[in-house]
Amino acid sequence: MSTDFQSIPLIDISPLVAKCDDPDVGEDKDVAEVVRLLDQACREAGFFYVKGHGIPDSLIKEVRDMTHEFFDLPYEEKLKIKLSDATGYRGYQRVGENITKGIPDRHEAIDCYKELNKGMYGELSRKIMRGIALALGGSVDEFEGKIAGDPFWVFRIIGYPGAEGLQKNDVGCGAHTDYGKFLQFRLGIPWIIVRNVSGEWISAVPIPGTFVCNIGDMLKILTNGLYESTLHRVVNNSPKFRVCVAYFYEPNFNAAISPLDMCVKKSGGNKKFESAVYGEHLVSKVLTNFTY
């Protein structure tokens, strides 16, 4: 469960990245330390930075530049890929069209669902999920197969208008947990603020060369609450337009997500959550998340 953490932990995952496919990965002492830190971060904060991820700075810069180029386009151009029910809720959303708990968010965005072949994984996500599987006491491939590996919702590209002339801490995205995900990775966040159990808002200050990763509600259910999907929000106090590219690592669309037996045993022996079919859960949320 979440604690009174005062900062977001930073984890060098390079040993896990290098060795996660090794048959003896669970016996490697460097990987074991990464696994311990992942377990601690997921239990106490639900958020962590990752470095040593192996994604080159040149690619990160290219993605950031392309994101700025899109949001700099005339409004009429962006509307050519406007999100609607006819597009399967893919596409562009204007400022205020994305809703968090009934309140319009102050950002524009594109939702992209990349079509992956069955059995394909988001590579960095898979490696971290392998570490989490070991942290929970399972096999390294505990989540692969019926639960994960055939993801549905993948990318959200977000632009946050500058805060010049606005109230301090003007909200770019209201307080929420991530309802459909196992993990979320963020590149280029303007400013994310995470709430601890005492109600204090802790800043995740951007650190160059890292991603911010957080736990989603589906992993909270799977771990029977051992891991926390923590309340968070986004603000942009800068006068500059800021961008964020978020990668959502989702369960398989038809996966039935239920607390794992090993997690139930570790958390008192009683299931705290009912089973949820991920696709049904996702659709019910998406239908109330947009105005268009």
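Keep in mind the model is a prediction, meaning the values are calculated, not measured.

Side note on the confidence of the model for the protein chain
Phase 1: Chain-level pLDDT for the protein chain is 83 on average; 85% of the residues reach the 70-or-more range.
Phase 2: Element-level mean pLDDT values for the protein chain span from 63 in strand β8 (residues 171-176) up to 97 in strand β1 (residues 10-12).
Phase 3: Confidence drops under a pLDDT of 50 for residues 165-170, and excluding neighbours within four residues, the segment shows 10 contacts in the predicted structure.

Brief notes about the nonpolar core
Phase 1: The biggest cluster of nonpolar side chains holds 52 residues, and the ones touching the most others in it are Phe-48, Ile-128, Ile-132, Phe-182, Leu-183, Leu-219 and Ile-257.
Phase 2: With 15 residues, the next largest nonpolar core counts Phe-47, Ala-109, Val-194 and Ala-204 among its residues.

Quick word on the environment of Arg-43
Phase 1: Relative to the assigned elements, Arg-43 resides in helix α2 (residues 29-44).
Phase 2: A relative accessible area of 26% places Arg-43 in the partly exposed class.
Phase 3: Separated by 186 residues in sequence, Arg-43 and Ser-229 place their C-alpha atoms 9.4 Å apart.

Considerations on the pairing of strand β12 (residues 211-215)
Phase 1: Taken across its 5 residues, β12 has 5 buried, putting it largely inside the fold.
Phase 2: Because side chains alternate across β12, one face comprises the buried residues Phe-211, Cys-213 and Ile-215, and the other comprises Val-212 and Asn-214, equally buried.
Phase 3: With 4 bridges connecting them, strand β2 (residues 47-51) and β12 associate as antiparallel partners. Its bridge partner being in β12, Phe-48 is matched across the sheet by Cys-213.
Phase 4: Summarising the sheet, strand β9 (residues 183-187) and β12 pair through 4 bridges and their orientation is antiparallel. Directly across from Phe-185, in β12, lies its bridge partner Cys-213.

Some remarks on the sheet that holds β9
Phase 1: Taken in spatial order, the 8 strands of this open sheet run β1-β2-β12-β9-β14-β7-β6-β3, and their pairing is mixed. Edge strands, defined here as strands with exactly one partner in the open sheet, are β1 and β3 (91-93). Here the average twist between neighbouring strands, direction ignored, is 25 degrees.
Phase 2: Here β9 pairs with strand β14 (residues 242-249) via 5 bridges, running antiparallel. Residue pairing for β14: Arg-186 is matched across the bridge by Ala-246.
Phase 3: Contacts from α2 reach β1, β2 and β12, with the element oriented near 160 degrees to β1.

Calculation rules
Residues numbered from 1 in each chain as written. Predicted model: local features only at pLDDT ≥ 70, side-chain atom pairs only at ≥ 80, totals over all residues. Heavy atoms only, no water. pLDDT = per-residue confidence, 0-100. Helix = DSSP H or I, 4+ residues; strand = E, 2+ residues; numbered from the N terminus. Contact = heavy atoms within 4.5 Å. Core = buried A, V, L, I, M, F, W, Y, C linked by side-chain atoms within 4.5 Å. Buried < 20%, exposed > 50% of the residue type's maximum accessible area, 1.4 Å probe, protein only. Pairing = 2+ DSSP bridges. Axes fitted to C-alpha atoms, helices over the stretch in contact; angles between N-to-C directions.

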